[in-house]
Amino acid sequence: MNPVLGRRPRILAATTATAGLLLVAGCSSDSGGGKTTTASGGVPLVKAGQLTTCTHLPYPPFQSEIDGKVQGFDVSLIDLVAKDLGVKQDIVDTPFENFKTGAFLNSEQCDLAAAGMTITPERAKNVDFSDPYFDATQAVLVDKKSGIGSFADLKGKKVGAQAQTTGEEYAKSKGLDPVSFESSDAVLNGLRTGQVQAVVIDYPVVQGWLKDKANADAFKVVDNLNTGEQYGFTVKKGNTELVAAINKAIKDAKADGTYKKLYEKWIGPYDAAAASASPSAS
């Protein structure tokens, strides 16, 4: 995702965990501006009574603003974490470059980042990742009239991708020179308006977009690229308590069926292969 340089973080309508009792305990003086509160289980928080989440909008179906409220698959999963901690989730919209460097985590503006972010060794140098919560693939989406039938057909074509994402990196690694767009919405709009002939983009995003009949009538997925990607939530390096809380919420949600329900609500029909791809394009 491409950061909007110079943009101030935007505090958005918070989604709230419905579990009732606030379990904020203990305050300590910290002249260095560090965390001063803890939630249930000793999890440190940057602000009392809330789990502050950095994200980058829009990125449906993981997070986007709907009816004035940020909603989506990521949001719903982090709501489960907040519920376990006895606090509410507050969401801040920030440039994506900060997720890769951990800037907003290190400056303690946010407790965690949730942005449909692929786990990579490079990023893990700057942040600590949760357990993977989503197996992601890249899709090749085209206009049905384009004559493009696979990833192999993209050579010499005008291809779009979201800047600073693994989709863009994959396209470049295969010798393409993709047009960069600032957000997933901009990528898809570029295809819709004919700025590009095809796009390489996360498959879950395409799944949601093609739910619209007008889109499905005009566009189609011609290839799925198994890039081995998995999404994770990130925290400041060394925040083992919060990583443990996130991992527990993910594990519990998968065990009790909540994960499946949220997947079907935000992404589409759920089965074991729902987020896995056909053989990778060479």
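Everything discussed here concerns the structure shown above.
Below is a summary of the structure that appears in this document.

Rules used in this analysis
Residues numbered from 1 in each chain as written. Predicted model: local features only at pLDDT ≥ 70, side-chain atom pairs only at ≥ 80, totals over all residues. Heavy atoms only, no water. Axes fitted to C-alpha atoms, helices over the stretch in contact; angles between N-to-C directions. Helix = DSSP H or I, 4+ residues; strand = E, 2+ residues; numbered from the N terminus. Parallel < 35°, antiparallel > 145°, perpendicular 65-115°, else oblique. Left-handed = near helix turned anticlockwise from the far one by under 90°. Contact = heavy atoms within 4.5 Å. Nonpolar A, V, L, I, M, F, W, Y, C, P; charged D, E, K, R; others polar. Buried < 20%, exposed > 50% of the residue type's maximum accessible area, 1.4 Å probe, protein only. Pairing = 2+ DSSP bridges. Phe/Tyr/Trp six-rings, centres within 6.5 Å; stacked < 30°, edge-to-face > 60°. Lys NZ or Arg CZ within 6 Å of the ring centre and 35° of its normal. Expected span 1.5 Å × (residues − 1). Salt bridge = Lys/Arg side-chain N within 4 Å of Asp/Glu carboxyl O.

## Notes on the packing of helix α1 (residues 73-85) against helix α8 (residues 240-256)
Part 1: Direction vectors running N to C along α1 and α8 enclose 115°, while the axes themselves pass 9 Å from each other. As summarised for this structure, α1 and α8 are arranged roughly perpendicular, according to the angle between their axes. For the element pair α1 and α8, the recorded crossing hand is right-handed. Together, Leu80, Val81, Asp84 and Leu85 of α1 and Leu242, Ala245, Ile246, Lys248, Ala249 and Ala253 of α8 make up the contact between the two elements.
Part 2: Its residues assigned to classes, the contact of α1 with α8 shows eight nonpolar, no polar and two charged.

## What about the pairing of strand β8 (residues 88-93)?
Part 1: Judged by how many residues are buried, β8 sits mostly within the fold: five of six residues are covered.
Part 2: Pairing of strand β5 (residues 50-55) with β8, which is carried by six bridges, proceeds in the parallel orientation. Considered in β8, the bridge of leucine 51 is made with glutamine 89.

## Topic: the packing of aromatic side chains
Part 1: This structure, assessed with the given rule, holds 15 aromatic pairs.
Part 2: Note on phenylalanine 73 and tyrosine 133: the rings are 6.5 Å apart at their centroids and 35° apart in plane angle, and the pair reads as tilted. Here the residue phenylalanine 73 occupies a position in helix α1, and tyrosine 133 occupies one in the loop between β10 (127-129) and β11 (134-143), the gap between them amounting to 60 residues.
Part 3: Classification of phenylalanine 73 by relative accessible area gives buried; the value is 0%.
Part 4: Plain terms: the ring middles of tyrosine 259 and tyrosine 263 are 6.4 Å apart, the flat faces sit at 35° to each other, and that makes the pair tilted. Of this pair, tyrosine 259 and tyrosine 263 both sit in helix α9 (residues 258-266), separated by four residues, roughly a single helical turn.
Part 5: Of the residues examined, tyrosine 259 reaches a relative accessible area of 6% and is grouped as buried.
Part 6: Counting every residue linked through ring pairs, the aromatic cluster contains Tyr59, Phe62, Phe73, Tyr133, Phe134, Tyr231, Phe233, Tyr259 and Tyr263.
Part 7: Cation over ring: lysine 254 sits above tyrosine 259, and NZ or CZ is 5.1 Å from the ring centre.

## Topic: α1
Part 1: With 13 residues, α1 ought to run about 18 Å at 1.5 Å a step, and its terminal C-alpha atoms sit 19 Å apart, in line with that.
Part 2: Of all the 13 residues making up α1, 10 are buried; the element is thus mostly covered by neighbouring parts of the structure.
Part 3: Listed as buried for α1 are Phe73, Asp74, Val75, Ser76, Leu77, Ile78, Asp79, Val81, Ala82 and Leu85.
Part 4: Where α1 terminates, the next one or two residues include glycine 86, which has phi positive at roughly 75°.

## Concerning the sheet that holds β11
Part 1: Strands sit in the order β13-β12-β14-β11-β15 across an open sheet of five strands; the sheet is mixed. Every other strand in the sheet has two partners, leaving β13 (179-181) and β15 (219-231) as the edge strands with one partner each. Recorded for the sheet is a direction-independent mean angle of 25° between the axes of neighbouring strands.
Part 2: By the bridge criterion, nine bridges tie β11 to β15 in an arrangement that is antiparallel. Across the sheet, alanine 136 pairs through a bridge with glutamate 229, a residue of β15.

## A look at helix α4 (residues 166-173)
Part 1: Those residues of α4 that fall on the buried side of the exposure criterion are Thr166, Gly167, Glu168, Tyr170 and Ala171.
Part 2: Glycine 175 sits one or two positions beyond α4 and adopts a positive phi of about 90°.

## Some details on the pattern of salt bridges
Part 1: Enumeration over the complete set of coordinates arrives at five salt bridges.
Part 2: Notably, a salt bridge pairs aspartate 252 with lysine 248, separated by 2.7 Å at the nearest N-O pair. Taken together, the residues aspartate 252 and lysine 248, both in helix α8 and four residues apart, mark about one turn of the helix.
Part 3: Judged by relative accessible area, lysine 248 falls into the partly exposed class, the value being 48%.

## Side note on the environment of valine 81
Part 1: Summarising the element assignment, valine 81 is placed in helix α1.
Part 2: Excluding residues within four positions of it along the chain, valine 81 makes contact with Leu51, Ala245, Ile246 and Ala249.

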